[in-house]
Amino acid sequence: MSRAVRVLPARADVLVGALRAALEESGPAVLPVAEGSHGGSFDHGGSDDGGSGDSRPDDSEDARPDGRLPADGVPDDVVLVVRTSGSTGAPRGVLLSAAALRASADATAERLAGPGRWLLALPVDHIAGLQVLVRSVLAGTGPTVLPPGPFRADRFTSAVTAAVGTAPGGPWYTSLVPTQLVRLLDDAAGTAALRRFDAVLVGGAATAGSLLDRARDAGVRVVTTYGMTETCGGCVYDGRPLEGVDVRLDATGRVWLAGPVLAVGYRGRPDLDAETFTVDDSGRRWLRTGDLGRLAGGVLTVTGRADDVLVTGGVNVAPGPVEDLLTGLPGIREACVVGVPDAEWGQAVVAVLVVGPEGPPPLADLRRHVADRLGAAAAPRRVVVVPALPLRGPGKPDRRAAAALAATSAGAEGRTDPH
C-alpha cells in the first residue's frame, strides 16, 4: 500500500477538485471529515461549490501536520475513504476504488435518463452526498449545492429555481432521505420544485410505501435506492439491481450483494474484511449485508436489519413491516418500532411516532390495524410521540436512541398497553 490520503473538510467546494484529481489518478485518495471533529490538520485544497457535513473521522488521529495520512495508508487503487459506523456504532473506514465509483456512476446513469446535473442536499461525509459529487465530476458538470444550515423547503425551492433557470438543460437529479421528502411534500412550493427533477433518489433509510404513493400522486418521479457505503451507495433501484450487480438471499433471508461496485475493504481491519466479504466457487466476490429481504420476480424487498428483529413473547417481530403499516395511517408521519425490556413479554413492542396536528389514532385502533395484518405479537403495546425521530446518519433512525426514549417514557408514564 503506497497511496497517500488527503484529509479534507466535508465541504463540496473543497472536495470536488480533490475527487476529480483522485479519479484521474493525479492526486491522493480523499478522506472527508467534518470540520472541528478531528485531531489533525486539514489540507484545504480545491474550490468549486459550497457544502457541509456532520460526521467524525476515524483516521484523523494519525494524520500528519499537512493533513495527509501516512504514505502506506491505502492500496493504490483506492481514491476515497468513507467513515461509517454501520449499525453497531463501531467506526471503520471503507475503501472505495475509482473503478467501483465509476461503475456505480455509469450504472446509475444507465438506469436513469443518462448523465445529468445534480443538486446536493445531503452531507458530504456520507456516501450518498459524496456520490452526488462523484457523479457530477464524472458527468463533467458542477453540482448545485444547498446553502449551509438546516434543511428547509424554502431553501430547497430557491436553489432549484436558480439552478434550473441558469442551466435548464437536463436531465436534473437530486438525492434525498425520507425525512427531507416528507418536508418537501408538506410544502406546496417544495412539491412543485420536486416535480422539476427527472428523478428524485430516496434512500438512506427505509421509505414507507405510503410516502412513495404520496410523492407519486403529486407527480414526483421518486426512485427508491438500496445500498450502503460498501457498495458505493445505492446499487438496487426500485428493487431491481443496477447493471452488473447481483443479489441473492441465504437460507436465513440475509441479503448478499456482488458486482463491480463493491468496496476494496476496510482500512486496517482485515478481520472485518474476512467477516463481510467472501469469494464463491466461481471466483465472484460477495458482500454479506446486515439486512433481511425477500426476492420475487427479480425484485428485492428489504424487510429490515437482522439485528433489529424483536422477540416478544417468544415471537420474532421485524420492525420494518410494522413501521410501513403505521405510516399508512392518518396522522402518522414517521415511525420507529423498538423493543423495550418487559417482565411479561421479554420485549414489549413500542412505536415511537412523529405525528401530524391531528395526532395518532387511538392505541386500540392502531393495534387492531397491525394485528389484523401481521399478527397480535407485532401490534405495538404503547405509543411514544416525539417531535422528530433521533437519527444516526442522513435519514437513518437511531434505534438505540429511540428505544431509550421509549424506555424512559415507560418509566415516567407507567404501563399503558392493553391486555
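Scroll up a little and you will see the structure.
The rules we used
Residues numbered from 1 in each chain as written. Predicted model: local features only at pLDDT ≥ 70, side-chain atom pairs only at ≥ 80, totals over all residues. Heavy atoms only, no water. Helix = DSSP H or I, 4+ residues; strand = E, 2+ residues; numbered from the N terminus. Buried < 20%, exposed > 50% of the residue type's maximum accessible area, 1.4 Å probe, protein only. Contact = heavy atoms within 4.5 Å. Areas by Shrake-Rupley, 256 points an atom, 1.4 Å probe, with all protein chains shown as cover. Pairing = 2+ DSSP bridges. Axes fitted to C-alpha atoms, helices over the stretch in contact; angles between N-to-C directions. Parallel < 35°, antiparallel > 145°, perpendicular 65-115°, else oblique. Nonpolar A, V, L, I, M, F, W, Y, C, P; charged D, E, K, R; others polar. Salt bridge = Lys/Arg side-chain N within 4 Å of Asp/Glu carboxyl O. Core = buried A, V, L, I, M, F, W, Y, C linked by side-chain atoms within 4.5 Å. Right-handed = clockwise from strand over helix to strand, strands pointing away.

Looking at the overall build of the protein chain
Along its length, the protein chain carries 11 helices and 24 strands. Of all 419 residues assigned to the protein chain, the portion counted as buried reaches 54%. Of all intrachain contacts in the protein chain linking residues separated by at least 6 positions in sequence, the fraction that spans at least 24 positions is 65%. On the protein chain, roughly 17300 Å² of surface is accessible, and the fraction owed to carbon and sulfur atoms is 51%.

Details of the sheet that holds strand β5 (residues 117-120)
The 7 strands lie next to each other as β6-β5-β7-β8-β9-β10-β11, forming an open sheet whose pairing is mixed. Each edge of the sheet is formed by a strand with only one pairing partner; in this case those strands are β6 (144-145) and β11 (240-241). Bridge count between strand β10 (residues 233-237) and β11: 2 bridges; the pairing is antiparallel. Counted as the bridge partner of Val-236 is Pro-241 from β11. Contacting β5, β6 and β7 (172-176), helix α4 (residues 153-166) runs over the sheet at an angle of about 160° to β7. Packing against the sheet, helix α5 (residues 178-185) makes contact with β7, β8 (199-202) and β9 (222-228), and its axis sits at approximately 115° to β7.

Section: the packing of helix α2 (residues 98-111) against helix α3 (residues 127-139)
Contact pair α2 / α3: the axes reach a minimum separation of 10 Å and the direction vectors enclose 80°. In terms of axis orientation, α2 runs roughly perpendicular to α3. In contact with Leu-101, Arg-102, Ser-104, Ala-105 and Thr-108 of α2, α3 contributes Gln-131, Val-134, Arg-135 and Leu-138. In terms of residue class, the contact of α2 with α3 is made up of 4 nonpolar, 3 polar and 2 charged.

Things to note about the side chain of Thr-191
Relative to the helices and strands, Thr-191 resides in helix α6 (residues 188-194). Not counting the four nearest positions on each side in its chain, Thr-191 is found in contact with Leu-184, Leu-185, Ala-218 and Val-220.

Side note on the pattern of salt bridges
Side-chain pairs of opposite charge can arise whenever the charged atoms involved come near each other. The full count for this structure, using the stated rule, is 13 salt bridges. A salt bridge links Arg-333 to Asp-186, with the shortest nitrogen-to-oxygen separation between them at 2.3 Å. Within this pair, whereas Arg-333 is found in strand β20 (residues 332-342), its partner Asp-186 is found in the loop between α5 and α6, the two being separated by 147 residues in sequence. Residue Arg-333 is classed as partly exposed on the basis of its relative accessible area of 28%. A relative accessible area of 43% places Asp-186 in the partly exposed class. Here the residues in one salt-bridge network are Asp-186, Arg-214 and Arg-333, joined through shared partners.

Observations concerning the nonpolar core
Counting 55 residues, the largest nonpolar core has Leu-15, Val-30, Leu-80, Leu-96, Leu-101, Leu-133 and Leu-257 as its most contacted members. The leading source of residues in this core is helix α1 (residues 12-23), at 8 residues. Here Val-30 is in contact with Val-5, Arg-6, Leu-8, Leu-15, Ala-18, Leu-19, Ala-22, Val-79, Leu-80 and Val-81, once residues within four sequence places are set aside. Counting residues in each nonpolar core, the second largest holds 29 residues, with Ala-159, Leu-184, Leu-194 and Ala-218 among its members.

Notes on the pairing of β9
Among the 7 residues of β9, 5 are classified as buried, and the element is accordingly described as predominantly covered. Judged from the 3 bridges that link them, β8 and β9 form a sheet pairing that is parallel. Looking across to β9, one finds that Leu-201 is bridged to Val-223. Following the chain from β8 across helix α7 (residues 209-217) to the adjacent parallel β9, one finds a crossover that is right-handed. Bridging between β9 and β10 involves 4 bridges; their strand directions are antiparallel. When the bridges of β10 are listed, Thr-225 appears paired with Tyr-237. Linkage of β9 to β10, two consecutive antiparallel strands, is achieved through a turn of 4 residues, within which Cys-232 is found at a positive phi near 60°.

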